[in-house]
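Residue strings, one per chain:
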Amino acid sequence: MPFKRHVEIGRVALINYGKEYGRLVVIVDVVDQNRALVDAPDMVRMQMNFKRLSLTDIKIDIKRIPQKKTLVAAMQEADVQGKWDKSSWGRKLVVQKRRASLNDFDRFKLMLAKIKRSGLIRQELAKLKKESAS
Amino acid sequence: MAPKQSRNPELIRGVGKFSRSKMYHKRGLWAIKAKNGGVFPRHDPVAKPSPAAAKPSKFYPADDVKKPLLNKRNPRPTKLRASIAPGTVLIILAGRFKGKRVVFLKQLSSGLLLITGPFKVNGVPLRRVNQSYVIATSTKVDVSGVNFEKFDDKYFAKKVEKKKSKGEGEFFEAEKEEKNVLPQEKKDDQKSVDAALIKSIEAVPDLKTYLAARFSLKAGMKPHELVF
């Protein structure tokens, strides 16, 4: 019931709207009730409304508004990218991107593969049913 | 000849770097004058051949007839979409073969696209189709072994029947003689085009079943988000 992911300095968030959609950023300061100052290794530090951010579980240990190189070093130490890639959220995003980029032929091959797989599963199930019935 | 480069670079629009006197020197007008004895060379106008005296017209029309406006239109075949290249698999959207996935061969001079099923795979013969009724996928088939040079719009023109003289009695009976039998020549053309195509199609796994199946929108598919 209580909130687990808090807005705090060092909280890693995912931008879910706008030009920077899909980018992982770190909250380095809070401007006011609605806005935060966010930063990432490969972008200019900018302010963003909280509504555009989705908080993640990852948090790094930094002081308020660190220098860029301090931020990069802290992110390397905490292995933010690695943790993100291992997390189920990060993995899901990769799958979603792959599904969206499927070509018409790819979708056809996927359909064939799904039919084949479910055919095999049904066979096994039928075998098991027969065994349990007898 | 390359367009003439100005010797006077533009600082901003309308203002050159060099003054009139500087440009006089840069262009070497003093040298041209010196060569011509201190005066700028001038040439007398070439005598234009005077037009032969036009005879007064014998007839003037009573009303002023308006001349139609000049039409300089240069008709050319429709611009082919960048996504369509020989060998591309296309999805036909309308007509008898809607939903069928076919192979594109070339664009004809009328702008229409020449396609083939291949016939053995999905029943679509050598046919013309308009670019607007087609979705181009990014799947390509190798058409290097196929010779489709001889096909053009004339190949697909309807056969014009000679008009029989109107004899009342036998008029209705004689009409039903020739139904549309496809000439053997066209069947052979289809076979020769498809032979090489089918070989390259079978080289890719699942491509043959892909071309045999029709495309349809299923639940949850959003056309504007689909990548073809």
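Definitions and limits used
Residues numbered from 1 in each chain as written. Chains lettered and ligands numbered in written order. Predicted model: local features only at pLDDT ≥ 70, side-chain atom pairs only at ≥ 80, totals over all residues. Heavy atoms only, no water. 1 Å grid on protein atoms, 1.4 Å probe; cavity = no way out; pocket = protein on both sides within 12 Å on 5 of 7 lines; lining within 4 Å. Points joined across faces, edges and corners; volume = space filled by probe spheres on them. Helix = DSSP H or I, 4+ residues; strand = E, 2+ residues; numbered from the N terminus. Nonpolar A, V, L, I, M, F, W, Y, C, P; charged D, E, K, R; others polar. Contact = heavy atoms within 4.5 Å. Buried area = accessible area lost by both parts, 1.4 Å probe. Salt bridge = Lys/Arg side-chain N within 4 Å of Asp/Glu carboxyl O. Polar contact = N/O pair within 3.5 Å; in protein donor to acceptor, adjacent residues only side chain to side chain. UniProt positions renumbered as here; feature names shortened; annotations may be inferred. Buried < 20%, exposed > 50% of the residue type's maximum accessible area, 1.4 Å probe, protein only.

Novice: What's the story with the layout of surface pockets in this structure? I'm lost.
Specialist: Summary: where empty space remains is shown by rolling a probe the size of a single water molecule over the atoms. All names here are of chain B. Taken as a whole, the largest pocket holds about 1,300 Å³ of empty space. Along its surface, the largest pocket is lined by 29 residues, and Asn180, Val181, Leu182, Pro183 and Lys186 are the ones closest to its centre. When residues of the lining of the largest pocket are traced back to their parent elements, those giving at least two are α3 (119–122), β6 (127–129) and α5 (184–202). The leading source of residues in the lining of the largest pocket is α5, at seven residues. Residues of the lining of the largest pocket, tallied by class, amount to 12 nonpolar, two polar and 15 charged.

Novice: Can you walk me through the interface of chain B and chain A in this structure?
Specialist: Taken together, the contacts link 17 residues of chain B with 10 residues of chain A. Buried area between chain B and chain A, both sides added, is near 980 Å², and the carbon and sulfur share of it is 59%. Of all residues in chain B, Asp206(B), Tyr210(B) and Val227(B) give up the largest surface area on contact with chain A, accounting jointly for 46% of the area buried on that side. Our enumeration of links across chain B and chain A arrives at one salt bridge. A salt bridge links Asp104(A) to Arg101(B), with the nearest nitrogen and oxygen atoms 3.1 Å apart. At the junction of chain B and chain A, the tally comes to four residue pairs in polar contact (both at pLDDT 80 or more).

Novice: Honestly, the UniProt feature "domain: Large ribosomal subunit protein eL14" (unreviewed entry) in chain A in this entry has me stumped. Any pointers?
Specialist: According to UniProt, the feature "domain: Large ribosomal subunit protein eL14" (unreviewed entry) maps to residues 45–117 of chain A in the numbering used here. Secondary structure across residues 45–117 of chain A divides into 62% helix and 15% strand, with the first and last C-alpha atoms of the span separated by 48 Å.

Novice: Please clarify how unusual backbone geometry should be interpreted in this entry.
Specialist: Keep in mind that most residues, glycine aside, have a negative phi and that most peptide bonds are trans. Here the bond from Gly117(B) into Pro118(B) is cis, since omega is 0 degrees, no more than 30 degrees from zero. Residue placement: Pro118(B) occurs in the loop between β5 (113–116) and α3. A positive phi angle, near 40 degrees, is found at Ile65(A), a position not held by glycine. Note that Ile65(A) resides in the loop between β5 (53–59) and α1 (68–78). The exposure class assigned to Ile65(A) is partly exposed, which follows from its relative accessible area of 31%. The backbone of Asp206(B) shows a phi angle near 70 degrees, a positive value even though the residue is not glycine. Relative to the helices and strands, Asp206(B) is located in the loop between α5 and α6 (207–212).

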